[in-house]
Structures are given as structure tokens and as C-alpha cells.
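Take a look at the letters that make up each chain.
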Amino acid sequence: PAIIQRKDYRVPEWLVPTIDLDFALKLDATRVKSTLRVERNPHGEQGTTLRLNGDGITADSVTVDGQSTNSWRMDGSDLVIELDGDKHEIVIETTLDPAANSQLSGLYASNGMLCTQCEAEGFRRITFFPDRPDVLSRYAVRLAGDKAKFPVLLANGNEVARGADPERDGPGTHWAEWHDPWPKPSYLFALVAGELVANRSSFVTLSGRKVRLAIYVRPGDEARTGHAMESLKAAMKWDEDVYGREYDLDDFNIVAVSDFNAGAMENKGLNIFNTRYILADPDTATDGDYDAIEGVVAHEYFHNWSGNRVTCRDWFQLSLKEGFTVLRDQQFSAAMGSAPVKRIEDVRVLRGVQFPEDSGPLAHPIRPDSYQEISNFYTATVYNKGAEVIRMMTVMAGLDRFRRGTDLYFERHDGEAATCEDFVKAIEDGAGLDLKQFRRWYEQAGTPRVEVEMRHDATSGEVRLILRQTVPATPGQPDKAPMPIPLRTALFDRMSGRHGGEQTLILDDATREFSFTGFAEPPVLSINRGFSAPVAIATPTPAEDLLFLARHDDDPFARYEAMQQLVVQHLVGVVNGSVTGAALDQGRAAIGEAFEAILDDRALDDLMRGEFVILPGETYLAEQLLVNEPAAIHAAREELKAWLGINLGAQFRALHDRCSAVPYSLSPEARGSRKLKTQALVYLAPADPAEAIRRAKAQFDGADNMTDRQGALMVLCGLSGPEREEALAAFHDRYAGNALVIDKWFSLQAGSLNPKALEHTKALADHPDFNLANPNRVRSLYMAFAANPQAFHDASGEGYRMIADLIETLDPLNSSTAARFVTPLGRWKRMEPGRSALMKAELERLAAVPTLSRDTREQVSRSLD
Ligand code: B3K
Ligand code: ZN
């Protein structure tokens with residue numbers, strides 16, 4: 001298989017200043033006529049061949065400068081033309097079958113409509129083109145098709161004309177012409193044709209221009225687009241206020257489609273979304289869904305500057321747009337709601353998804369050095385760790401100086417295809433930071449581990465803090481150099497419960513010592529406050545200090561972290577056998593005490609309280625162990641939950657009562673009470689199943705919103721009895737035909753604590769509503785299952801077999817979705833021997849499938865290495 005290396009980058013030999021695309025749209029036979037004006041790049045190699053990428057397409061005809069020609073040939077799937085001059089006009093015709101395009105990349109059909117997905121390399125499935133992000137072109141697009149089937153015709157930019165020309169396009173057709181004035185790479189091209197209705201609104205930009213906004217959905221869904229529209233306007237305003245970025249077209253269109261490989265796509269002026277991140281109303285969407293919509297709508301909008309105006313030179317630079325845009329959407333969501341809660345949620349995702357990636361066989365730097373299939377690099381590392389790396393720049397520079405850096409970045413590189421290095425340089429120059437050593441964060445994979453040692457001298461009152469870092473070896477990177485790690489730190493006085501001011505310590509060597517004075521007593525250390533660096537603090541903290549911080553720390557994240565650490569240290573000890581007998585009782589008692597304090601703390605808001613009472617996840621716990629014992633981790637965590645449910649039963653019952661009395665609204669208070677209401681049931685379930693069932697059933701039957709209904713159903717799903725079956729049936733009946741809610745119905749069962757979750761998942765694969773062609777449905781069943789440790793890691797190995805079977809069946813249909821399921825099997829090296837062998841055997845079975853796609857093959861072979 002061809003391995004593409006970052007160091008092999010060469011500037012393009014040919015540029016394509018303009019492209020005209022003419023589409024005769026039909027579901028099963030769309031004709032595409034593409035007119036490219038090509039020019040030799042004066043900075044590129046001066047060869048005579050023009051290479052145009054293709055994938056699964058054939059040319060019906062090729063002309064050069066108006067002459068049909070046979071000076072072209074196919075080289076694999078690329079079309080190669082010999083040219084003698086510096087400037088030519090090439091016209092190529094292709095025919096596509098969108099209805100047969102199950103890969104959902106390129107032009108495809110979804111529910112009778114046509115739409116595109118071109119990032120990263122989908123444009124070459126539509127027409128032959130230098131399909132690389134550093135070739136920027138002006139697009140003029142003509143769409144023609146049946147007026148009844150495709151009343152709405154959309155593409156990037158501005159609609160410049162529309163009409164009907166039955167003589168040219170056939171009876172019953174109409175056409176529209178769209179011009180995008182902004183040169184763009186092919187991955188940002190988009191078209192949509194279908195029967196759609198729009199929710200319309202407008203936004204006046206900071207310079208006073210009125211932008212027309214529209215969110216297009218299938219008829220019947222328009223009432224569920226209000227939240228997405230409000231989120232869009234809030235994002236447009238925020239990007240002006242915080243980053244000085246104004247929108248640059250007269251129209252901004254969003255289309256929601258139900259068959260989509262990713263969450264959404266930032267095509268210039270025409271974002272295409274998975275319906276999941278657009279449609280919401282209280283009856284069908286949870287509070288979490290509302291937040292996700294706000295975040296993704298903003299993310300795609302923010303790409304207009306960080307991604308579209310300044311794009312990537314090559315796909316190794318993906319984090320240039322994704323890391324920065326994730327940071328921007330995180331900052332936006334923090335500003336729209338509770339900043340500390342948002343930070344906690346973001347860190348939970350980082351630790352639950354990215355840390356395992358960084359310690360497994362698929363580890364890669366945020367700017368990878370090689371790939372076989374770029375789709376495999378849309379990862380938590382490139383996105384979420386990429387955001388953390390830029391966040392560290394904000395910590396070191398402060399927000400005002402950071403803004404000077406981003407202003408300079410946009411000014412320098414507007415209209416260009418840039419690199420991560422360009423970004424770092426602009427921040428360095430604009431913010432006045434020295435980022436020489438910091439660049440290692442772009443080069444090295446692996447989560448740094450920081451060890452902490454504190455020495456106190458009672459006579460001098462001096463405290464010496466000795467910090468050490470190690471960056472673990474990762475595939476292809478055995479030796480690592482130290483990286484600068486900014487750690488926001490405070491030292492608390494034990495008596496007063498206060499500290500004398502926070503400092504940002506930069507650990508920029510293997511070992512560094514920091515000294516503080518004025519401490520008669522050894523202080524309590526609060527380190528990596530706000531999670532200022534994406535590292536693991538490897539030294540355990542005494543339980544007594546954690547209890548202190550859980551009560552007193554004025555940094556909300558650090559307070560949450562202390563609670564989490566208390567539980568992590570206890571559970572890790574239980575699993576590895578070092579915490580037994582009296583120590584077990586003491587550990588639980590300490591956790592119980594901390595929980596009680598949290599439940600009683602009147603100064604805490606309920607949204608935050610809800611975060612505090614979520615126990616660390618099993619994947620994160622597994623990360624703390626050299627050898628993963630999933631059954632032992634699951635048992636220890638469930639036992640702790642039951643213990644808390646029994647010992648704090650009265651508090652959880654009172655909490656459930658109090659929160660159940662709060663009426664539905666989207667206020668933070670009401671949302672907080674909904675979060676806690678279901679959390680209370682989560683603890684009561686293992687402690688007193690009968691009471692939990694009674695309460696959950698009442699919550700389910702009385703619910704006037706999806707958050708309560710889904711929360712109650714989740715709890716019922718984990719238990720056994722007629723109430724479980726009744727509620728599942730009622731839920732399915734009520735929402736029959738609503739794909740996004742039926743997805744939840746699948747996920748709840750596959751992700752359930754129910755001991756029979758494995759059996760249930762197997763049966764659901766045969767349910768008439770299950771559909772392998774729809775990625776949302778596939779993920780709703782199998783991603784939920786693969787993320788359910790108790791079911792996926794069943795000692796029989798059946799869970800592994802199910803996922804491997806899914807990969808094998810799905811791969812020929814939709815390889816990029818199939819490849820995503822390899823990750824859970826790839827964790828075999830750190831697994832106890834029995835399961836490890838079973839997982840590896842499934843990977844080996846897959847590796848032997850001769851027809852495996854490039855996507856899946858790359859993930860399987862890297863996982864076996
Ligand atoms: N840029 C798209 C990613 C599309 C992924 C295709 N494999 C979504 C986003 O990050 O905004
Ligand atoms: Zn993005």
C-alpha cells in the first residue's frame with residue numbers, strides 16, 4: 001500500500017484558477033461537464049503532464065482547447081494529459097450513479113435528494129481534478145434537473161440566475177446557476193438538490209451588511225430548526241466580537257441530511273449537516289443534543305475563517321483548521337453557558353477518547369508524518385488534542401496577546417493554503433511568545449506524564465516543587481524530547497483554606513524545580529488547574545489533600561478534578577488489589593463524605609453539581625492500569641455506585657424529589673435539575689432496584705421532555721422487569737418514524753448496564769428498523785455497544801466477533817465508517833491475556849480478508865503492528 005509522507009510535499013505543477021461545472025442531475029445517472037482553465041505554476045516543476053485525480057469514475061470525453069484529443073491516458077484511477085503550453089482549457093465529461101454511492105463520499109442520494117461530501121478526497125469521485133487543498137479555484141456551477149423531484153437547487157456562493165430550458169435540459173426541468181466569488185479548494189465544493197423547506201432569518205454583520213440565513217430540511221422538520229438558527233446567529237456575533245471575523249457572502253445556507261458519514265461539513269456558504277446536529281425540540285432532543293447542535297453549528301460556521309479563508313496546504317496540516325476551530329467552538333460554548341462545566345465536559349472527552357488513542361497502536365502527532373488513507377486521521381488527536389495545544393498558547397500568552405497572534409495569522413494567510421508552522425509563527429510574532437521548543441507538541445505523539453514531588457522546610461518556610469516529565473514511546477517514536485508544559489498552580493494554606501495567588505509554571509525540561517516561601521506548614525498543591533495542559537499527573541495525591549481541594553479549591557475544574565482523583569485512586573487500588581479490608585472502608589467513607597459535601601453545598605449550581613457526581617469512566621480507569629482488566633474495573637465501579645446509593649440513599653431520594661419538582665425550561669437551573677434527577681436514579685438503581693424502577697417509571701411516564709424520558713429509560717434499560725419492556729415499547733411506538741429518536745432507542749439498549757446487553761444488541765441487529773446503509777443507525781447500535789465495556793469485553797469474545805463481523809460486512813459499503821470500528825479492537829496489547837488473544841485473533845481474521853478497503857486495511861495493520 002502507498003504510504004504518503006509529509007516530507008514529500010511538492011507545490012502543485014498546475015493551477016486551476018477557474019472551473020465551470022455543469023450538472024444534469026438524476027438520481028441514478030448524473031452527467032457532469034467540467035471545464036478547467038489550467039495554468040502552469042511558475043513555482044512548480046516544469047513538467048508536461050497534467051495529473052487529474054479520479055476515484056471510481058471514467059471520462060466520457062476529454063477535450064483540450066476545444067479539440068477532442070487522445071493525448072490522455074488513465075494511470076490507475078488518475079487521468080493524465082500531455083500538454084505542451086502553459087495555459088489550456090480542458091473539458092471533461094463524466095457520468096455518475098449517485099443512488100449507488102453507498103460510500104457517501106462524492107455525489108450521493110439520500111431520501112430522494114442529492115448532496116455531496118468532498119472532504120477530504122470526495123471531489124475526485126465527481127470529476128477529474130487536482131484534488132488537493134492547495135489548488136484554489138473560482139467555481140461557477142450550473143445545476144439542472146427535474147423540477148418536481150429537485151425543486152431546490154443549491155451550490156456554494158451566490159445564486160446568480162435561474163430558469164427553465166426544457167430544450168436543453170429536458171421536459172419538466174429547471175436550472176440554477178451559482179457563482180462562488182471566493183477561490184477555494186475542491187474539498188469545499190458542495191451541491192444539494194431536493195425537495196426541501198427552509199427556515200429563513202437574517203443577520204446584520206459588524207460592517208452593517210445583511211446576510212440571508214436559511215436552514216433547509218425535509219418538509220415536516222422545519223419546526224425543529226429553531227435552536228440551530230439561534231446558535232448560528234450567536235456564533236456569527238461571537239466570532240465578530242471575540243476574533244473580529246465577519247461573514248463574507250450575502251447568503252449562508254445549511255442543509256440537513258439523514259445519511260452522513262461525519263457530523264457536518266463546512267462547504268463555503270453551503271454547510272451540509274447530519275440531521276443529528278440540526279433538528280431539536282424539547283420532545284425529541286436532550287439537553288446534551290441542544291449543546292451538541294450549538295457547538296457543531298458554531299464549529300462549521302467558524303471554519304469560514306479558520307478553514308475556508310485560510311485553508312490547509314496539505315492534509316498533514318489538518319489540525320491547522322480542526323484544532324483551532326475546535327478551540328474556537330469550545331470557547332464559544334463556554335461563553336454561551338457555564339464555562340467550568342464546558343471545560344469539564346471537554347476534558348472528559350479528551351481523557352475518554354484521546355488519551356487512549358495516544359497510548360494505543362494508532363497514536364500519532366497532531367500533525368501526522370504519514371498516512372495511507374487520510375479519512376483515518378479525523379481523530380480525537382487532530383481535533384481535540386489539537387485544540388488543547390492551541391489552548392496552551394492562550395494560557396502562556398493570555399487572551400489579548402493571543403488575539404494579536406490570530407489577527408496576524410488571518411491577515412498574513414487570508415486566501416492561502418497554510419501550514420501548522422505558519423500558524424505557530426503568526427502566534428509567535430503576533431503574541432510575542434517564543435514557541436521554538438513548543439513546536440514539539442506538533443511533532444510528538446503520546447500524553448506526557450508529569451511527576452510531582454513537594455519538599456517543605458519547616459524552619460525556612462520554603463517549599464520546593466520538583467516536577468518531572470516523560471513522554472511515552474509511541475509507534476515510530478521511541479525517544480521523546482521534553483516539551484514545555486504550562487501548569488497553572490496554586491499552593492493552599494491548610495488552615496485558612498486560601499492560596500496566595502495562582503502562577504503558571506512552565507515545565508520545559510525533563511526536570512525543573514520551583515521554589516516558594518512563607519509556608520510554616522506544608523501547603524496543599526493544586527496543579528494543572530483548569531486543565532491548562534493535556535498531560536497526566538502521575539503522582540498520587542494524599543486522600544486528605546484531595547478532600548481539602550474538593551471542598552476549598554476556588555478553581556472549579558481543580559475542585560472537580562480532586563473528586564475524580566479521589567475516586568480514581570480508590571478504584572485503581574481496588575482493582576490492583578492494594579486497597580482491601582479497612583483501607584477499602586476508609587476509601588469509600590472518604591468518597592462518601594466528599595459526595596455528601598457536594599450534595600449539600602448550597603453555593604454550587606446544579607449543572608456543576610451534576611458533573612461532580614459523575615464517576616470516572618471505565619475507559620479512563622483502564623488507562624491508569626498497565627494491564628486492563630475490564631471485568632474487575634466494571635465490578636469495582638459498580639460496587640462503589642451501589643455503596644454510595646445505599647449510604648446516601650436518603651440524599652439521592654431527596655435530590656430526585658427536589659429536581660422532579662422543577663418545571664421544564666432551557667434555563668441553567670432547570671437543565672441542572674434534569675441532569676441531577678437522572679444521576680440520582682443512577683445511584684439508586686444498584687442500591688434499591690425496586691425503588692429505582694418505581695421512580696424511573698414515574699419519571700418516564702410523566703416526562704414532558706426528552707432529557708427526562710431518555711434518562712429514565714436508560715435506568716430502566718439497565719434493570720430487569722416488565723417496566724423495562726413496557727417503557728421500551730412505549731418509546732418505540734411514540735417515536736416510530738423519527739430516525740434520530742429511534743437511534744436513541746438502539747443506543748440505550750446497546751449501551752446499557754443490563755447484563756444482557758450483548759444479547760440485546762445481537763437481536764437488535766435483526767430489528768426491521770436496523771439499516772446498515774445509514775451511518776447514524778449503525779453507530780447508534782454498534783458504537784454504543786463498543787463503548788459498553790461490560791458487553792463489548794464479554795469474556796467469551798463474542799463482542800469482539802460482533803464488531804469484526806460488522807467491519808467485514810460494512811467495509812464494502814461504507815469503508816470510512818467501517819474503519820472507525822477498528823479502534824476498539826486495537827486495544828488488545830494492554831488487555832489481560834485471555835481477552836487480548838481474542839481481540840488479536842479478530843484483527844488477524846480481518847487482515848486476511850483480501851478485499852478490505854484501504855481505510856480499514858490501514859487501521860487493521862497499524863493495530864496489529
Ligand atoms: N471538516 C469536516 C470533516 C469531514 C470529515 C470527512 N472525512 C467536519 C468538521 O470538522 O467540521
Ligand atoms: Zn471541523
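Computed from a predicted model, the values in this text were never measured in an experiment.

Undergrad: What exactly am I supposed to notice about the overall build of the chain here?
TA: For the chain, the count of helices and strands is 29 helices and 31 strands. For 865 residues, the compact-globule formula gives about 29 Å, and the C-alpha radius of gyration of the chain, at 28 Å, lands near that figure. Principal axes of the C-alpha set define a box for the chain whose edges measure 90 × 65 × 60 Å. A burial count over the chain gives 51% of its 865 residues as buried.

Undergrad: Help me understand helix 3 (residues 287-302) in this model?
TA: For helix 3, spanning 16 residues, the distance from its first C-alpha to its last is 23 Å, which sits close to the expected 22 Å at 1.5 Å a residue. Where burial is concerned, most of helix 3 is hidden: 13 out of the 16 residues are buried.

Undergrad: What am I meant to see in the domain arrangement of the chain here?
TA: The figure often quoted for interface size is the accessible area lost as the parts come together. As far as domains go, the chain holds domain 1 (4-195), domain 2 (311-443), domain 3 (449-482 + 489-523) and domain 4 (593-864). Here domain 1 and domain 2 have C-alpha centroids that lie 31 Å from each other. Listed by partner, the interface residues are 12 residues for domain 1 and 13 residues for domain 2. Here the side of domain 1 that touches domain 2 is composed, by residue class, of seven nonpolar, one polar and four charged.

Undergrad: For this particular structure, what's the right way to read the site of ligand 1?
TA: The immediate surroundings of ligand 1 are formed by E119, A120, A262, A264, M265, E266, H299, E300, H303, E322, S375 and Y378. Those elements giving two or more residues to the shell around ligand 1 turn out to be strand 20 (264-265) and helix 3. When grouped by side-chain class, the residues that make up the shell around ligand 1 number five nonpolar, three polar and four charged.

Undergrad: Just checking my understanding: could you explain the sheet that holds strand 18 (residues 210-217) for this structure?
TA: Pairing is mixed across the open sheet formed by five strands, whose spatial order is 17-18-19-21-20. Edge positions in the sheet fall to strand 17 (197-204) and strand 20, since each has one partner strand and no second. By the bridge criterion, five bridges tie strand 19 (residues 251-257) to strand 21 (residues 270-274) in an arrangement that is parallel. Bridged to I254 within strand 21 is N271.

Undergrad: Where do I start with the environment of P171 in this structure?
TA: Its place among the elements puts P171 in the loop between helix 1 (166-169) and strand 15 (173-184). The exposure class assigned to P171 is exposed, which follows from the 9 C-beta atoms found within 10 Å. It is 9.3 Å that separates the C-alpha atoms of P171 and K147, two residues lying 24 residues apart in sequence.

What counts, and at which threshold
Residues numbered from 1 in each chain as written. Chains lettered and ligands numbered in written order. Predicted model: local features only at pLDDT ≥ 70, side-chain atom pairs only at ≥ 80, totals over all residues. Helix = DSSP H or I, 4+ residues; strand = E, 2+ residues; numbered from the N terminus. Rg over C-alpha atoms; globule rule 2.2 N^0.38 Å. Buried ≥ 20, exposed ≤ 12 C-beta atoms within 10 Å, placed from the backbone. Expected span 1.5 Å × (residues − 1). Domains from an automatic or database assignment. Contact = placed C-beta atoms within 7 Å. Nonpolar A, V, L, I, M, F, W, Y, C, P; charged D, E, K, R; others polar. Near = placed C-beta within 6 Å. Pairing = 2+ DSSP bridges.

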